[in-house]
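One letter stands for each residue in the lines below.
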Amino acid sequence: MKYLGPTSHLRLNEAVAVVFLFTGLFVFLSLASYHPFDASWDTVTGAERAANLTGPVGAFTSDLCLQAFGLAAYALPVLILMLGWKWIRSSAIQAPVAKTIGAVTLMSATCAAFGLTGWKPIAGAIPAGGLAGSLIADGLVASLNPLGAWLLTAAAW
């Protein structure tokens, strides 16, 4: 089996594609219905039920993704859905290593750009770039100063 790419077995490709498509939809719905007072990795509440559309698992998933990547987490379901689309069509993924590196670079640059702003739009507490954005932005500013950090982030994006 090729890295990330579909196999020569059409039924297997369809089965894997359905898993990817439903996973992408699940992650999207969990992020879209994020509620800051749902019980999650760092929140303990007395609420009986999670307000998240996907239940407690979605509350944990959305909290983890938003804490780690901030607003850039909304790119994760898009990337998963695109991968599922390639599998359902059984079309080969050209240069999978380069595309993986590009996706990681895009996510990192987006997190860094949001991290450089210092904005906290998610429940007034979670930075827009998440933990990854804060770490990358702090590292870039420490080594390149703010202007250099913005230029490198823009070039990577």
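Please read all numbers here as calculations on a predicted model, not as lab measurements.

## A few points about the packing of helix H2 (residues 55-69) against helix H5 (residues 130-156)
Right, so step 1: As a packed pair, H2 and H5 sit with axes 2 Å apart at the nearest point and diverge in direction by 10°. Classified by the interaxial angle, the pair formed by H2 and H5 is roughly parallel. Contacts from Leu66, Gln67, Ala68 and Phe69 of H2 reach H5 at Gly130, Leu131 and Ala132.
Right, so step 2: Taken together, the residues of the contact of H2 with H5 sort by class into five nonpolar, two polar and no charged.

## A closer look at the packing of aromatic side chains
Right, so step 1: Counted by the stated rule, this structure contains one aromatic pair.
Right, so step 2: Aromatic pair phenylalanine 20 and tryptophan 87: ring centres 6.1 Å apart, planes at 55°, arrangement tilted. With phenylalanine 20 in helix H1 (residues 10-32) and tryptophan 87 in helix H3 (residues 75-88), the pair connects residues that are 67 residues apart, well separated along the chain.
Right, so step 3: The exposure class assigned to phenylalanine 20 is partly exposed, which follows from its relative accessible area of 24%.

## So, empty space enclosed by the protein
Right, so step 1: Counting across every chain of the model gives one cavity of 30 Å³ or more.
Right, so step 2: Taken as a whole, the largest cavity holds about 40 Å³ of empty space.
Right, so step 3: Here the residues of the lining of the largest cavity sort into three nonpolar, five polar and two charged.

## Here's the deal with the pattern of salt bridges
Right, so step 1: Applying the stated criterion across every chain yields a total of one salt bridge.
Right, so step 2: For glutamate 14, the salt bridge identified is with arginine 11, shortest N-O distance 2.8 Å. Of this pair, glutamate 14 and arginine 11 both sit in helix H1, three residues apart, roughly one helical turn.

So, how was this worked out
Each chain has its residues counted from 1, running along the sequence as written. At least 70 in pLDDT is required for a residue's local features to be given in this predicted model, at least 80 for side-chain atom pairs to be given and counted, and no such filter applies to totals for whole chains, interfaces and linings, which use all residues. Excluding hydrogens and water, the side-chain values take into account all heavy atoms of the structure. Here an axis means a line fitted to C-alpha atoms, over the contact stretch when the element is a helix, while the angle between two N-to-C directions is reported on a 0 to 180 degree scale. The way it works is that DSSP assigns letters per residue, a run of H or I at least four long becomes a helix, a run of E at least two long becomes a strand, and they are numbered from the N terminus. Small angles under 35 degrees read as roughly parallel and large ones over 145 as roughly antiparallel, with 65 to 115 read as roughly perpendicular and the rest as oblique. Any two residues whose heavy atoms approach within 4.5 Å are treated as being in contact. Following the grouping adopted for this structure description, the nonpolar residues are Ala, Val, Leu, Ile, Met, Phe, Trp, Tyr, Cys and Pro, the charged ones are Asp, Glu, Lys and Arg, and the polar ones are all others, Gly among them. Under the pairing criterion, centres of Phe, Tyr and Trp rings, with the six-membered ring standing for Trp, must be within 6.5 Å; the plane angle then separates stacked pairs below 30 degrees from edge-to-face pairs above 60, leaving the rest tilted. Burial status follows relative accessibility: with a 1.4 Å probe on protein chains alone, a residue under 20% of its type maximum counts as buried, one over 50% as exposed, and anything between as partly exposed. Method remark: on a 1 Å grid restricted to protein atoms, a set of points is classed as a cavity if a 1.4 Å probe fits but cannot get out and as a pocket if it is open with protein on both sides within 12 Å along at least five of seven lines; lining residues have an atom within 4 Å of a point. Grid points are joined across faces, edges and corners, and a volume is the space filled by probe spheres set on the points. Whenever Lys or Arg places a side-chain nitrogen within 4 Å of a carboxyl oxygen from Asp or Glu, that contact is recorded as a salt bridge.

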